[in-house]
Amino acid sequence: MRSHRRSRLLAPFLLVPLTAGCFASGGGGDSASGDGNDGDGARLRVALAFPPAENLSPYGADATLLSRLGVTEGLTALDANGSAAPALAESWRRDGDKTWEFTLRDATFQDGGAVTPAAVAASLTHATDAKPAPAALAGVTLDAKASGDRVVRVTTAEPDPVLPLRLSSPSLAILSKDAYGKGSRVDPVGHATGPFELTEVNGATSASLDRFDDYWGGRAQASGIDARFIADGTARANALRTGELDIAEAVPVAQAASLDEKTRRDTATTRTTSLLLNASSGTFKDAGLRAAARAALDTSVFAKDVYEGYGDPGAGVYGPAVTWAGGKRTAPVGRAAAKKPGDGNTITLATYDNRPELPEVAQVVKQQLEKAGFTVELTVREYSRLEGDALDGKFDAFVLARNTLLDTGDPVAVLASDYTCDGGFNIAQLCDEGVDRAVADAEKIADTAKRQDAAMAAEARILGSDAVVPLVHQRIITGVADSAQGVVLDPYERTLVGTGTRR
């Protein structure tokens, strides 16, 4: 059904007003020169929920891991409003319909080389040639060329009104030439540009990072990071409580009450937990049975009970953190009439346990579907052992926690990636002519408000297919020890530590 696919962390935007500070990584107000420890700074102890899944390739699931630890960055970043902000590019301008010029700041790679237009163009070319393509480049063909001492010209095959936003994606991080080996191997260790440099990676267990003293945005206050990959959410919370950690990401809601109120930080995010139904094979190839599954679900219980108030009932692909979406949402288009499930309607439902609430969500979904007449077999695995089968359409149904603005910041991009025939992350296996047409129409629009309107028109068709049933819009809980300061609480979940993060 699809010619390519893209793996990435479970988890894109023209303008998304949010009630938070600036989340763009880099310098600015996050920069600092000392912390009272002779400028040396203590090392940060951080626990992440997802271990490296693809040998730290920036093109897949590990891209966000690298950006959250302050290792990588792109030409642009996302600010608090969801707009493109300067990063390695200090400014940009459009030159005609298909070309953008990015003017680089004075920056250095962690291996000592200068960030030149030629190096940036080569890095973007490697990303363009990657197989499969990074999610941010789904459906986009671009050509990057050096132009003078400071300028990179990026030309796309078709007009791309959101290219500066697209280039903020963690999967389009800029790396030095030595990061690219033979074949498809990409090694970011020591070859990135962020405030922290990877020095050692111990498989899926831990990683060590040292401060990169020549970072363009200013010297980080912490001297380094000792990162641990702890898939078990209770273990992350316990390690924080016992003083083993300074920062624990994605604390389970069941553990929230056990943390001191000052230690518990909850942040509205653009992450939605949904039930995806396989629209191309098995039981849910029948639109009437998808409609029956959707009608069987009482989504109000997920925010109230499973997420214990740290969430809002599922309303659509985009949740309340995307503040413009609610006022523009229209009724689903083209829904089929629900059919009564028969004795032969046994379905396989899958989810992963890196996010501890998801197995409980799946259990509730299972119970509600069984009450409606379906027979349900539930599979729960660690995410890295599940993703390939999910993308191959081996499950009838899948509970997914997806940050809808993670890949590019563009609201249309997630629709193209997740719900079109050639989408690289189409776990729902949806291939609908009307959906593809609506998404393609939205992709052509440059005006912010009109692009938002078109995204919502496409959302109405996607919801009308019943291939996705939004269950809950999440708040994420980050555990922060009393001694830690400057943790970046990012609604887009791209950044966790910055130059001002310290203890």
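Everything that follows concerns the structure shown earlier in this document.
Residues numbered from 1 in each chain as written. Predicted model: local features only at pLDDT ≥ 70, side-chain atom pairs only at ≥ 80, totals over all residues. Heavy atoms only, no water.

Draft legend 1. Just the packing of helix α11 (residues 411-419) against helix α12 (residues 433-443), in detail. Direction vectors running N to C along α11 and α12 enclose 150 degrees, while the axes themselves pass 10 Å from each other. Compared by their axis directions, α11 and α12 come out roughly antiparallel. The element α11 and its partner α12 pack so that their crossing is left-handed. When α11 is examined against α12, the residues V412, L415, A416 and Y419 are found in contact with a partner set consisting of V435, D436, V439, A442 and E443. The residue inventory of the contact of α11 with α12, partitioned by class, reads seven nonpolar, no polar and two charged. (Axes fitted to C-alpha atoms, helices over the stretch in contact; angles between N-to-C directions. Helix = DSSP H or I, 4+ residues; strand = E, 2+ residues; numbered from the N terminus. Parallel < 35°, antiparallel > 145°, perpendicular 65-115°, else oblique. Left-handed = near helix turned anticlockwise from the far one by under 90°. Contact = heavy atoms within 4.5 Å. Nonpolar A, V, L, I, M, F, W, Y, C, P; charged D, E, K, R; others polar.)

Draft legend 2. Representation of the layout of surface pockets within the structure. In this structure, the largest pocket occupies an estimated 520 Å³ of space. It is α12 that contributes the most residues to the lining of the largest pocket, four residues altogether. Here the residues of the lining of the largest pocket are counted per class, giving eight nonpolar, five polar and eight charged. Estimates place the volume of the second largest pocket at around 310 Å³. If you go around the second largest pocket, you meet 16 residues; those closest to its centre are Y59, A130, S184, R185 and V186. Taken together, the residues of the lining of the second largest pocket break down into five nonpolar, six polar and five charged. (1 Å grid on protein atoms, 1.4 Å probe; cavity = no way out; pocket = protein on both sides within 12 Å on 5 of 7 lines; lining within 4 Å. Points joined across faces, edges and corners; volume = space filled by probe spheres on them.)

Draft legend 3. Molecular detail of the sheet that holds strand β7 (residues 151-156). In spatial order, the strands read β4-β5-β7-β6; together these four strands make up an open sheet with antiparallel pairing. Edge strands, defined here as strands with exactly one partner in the open sheet, are β4 (89-94) and β6 (142-147). With direction set aside, neighbouring strand axes in the sheet form an average angle of 20 degrees. In this sheet, strand β5 (residues 99-104) lies alongside β4 in antiparallel orientation, the contact comprising five bridges. If you follow A89 over to β5, its bridge partner there is L104. Across the sheet, helix α2 (residues 117-129) is in contact with β5, β6 and β7; its angle to β6 comes to roughly 170 degrees. (Pairing = 2+ DSSP bridges.)

Draft legend 4. Representation of the packing of aromatic side chains in the model. Across all of its chains, the model carries eight aromatic pairs by this definition. Seen in terms of ring centroids, Y215 and W216 are 5.2 Å apart; in terms of plane orientation they differ by 45 degrees. Their pairing is tilted. You can call Y215 buried: its relative accessible area is 4%. Linked through ring pairs, F50, Y352, Y383, F395 and F398 together constitute an aromatic cluster. Directly above the aromatic system of W216 lies the positively charged group of R105, at a separation of 4.0 Å from the ring centroid. (Phe/Tyr/Trp six-rings, centres within 6.5 Å; stacked < 30°, edge-to-face > 60°. Buried < 20%, exposed > 50% of the residue type's maximum accessible area, 1.4 Å probe, protein only. Lys NZ or Arg CZ within 6 Å of the ring centre and 35° of its normal.)

Draft legend 5. Focus on the state of the cysteines. Summed over the entire model, instances satisfying the criterion amount to one disulfide. Residue pairing for C421: its cysteine sulfur links by disulfide to C431, the two sulfurs lying 2.0 Å apart. Its S-S torsion of about 100 degrees marks the bond between C421 and C431 as right-handed, since a negative value means left-handed. You can see C421 sitting in the loop between α11 and α12 and its partner C431 sitting in the loop between α11 and α12, a full 10 residues away along the chain. Taking relative accessible area as the criterion, C421 reaches 12% and is therefore assigned buried. Given the relative accessible area of 43%, C431 is considered partly exposed. (Disulfide = S-S within 2.5 Å.)

Shape descriptors only; they carry no functional weight alone.
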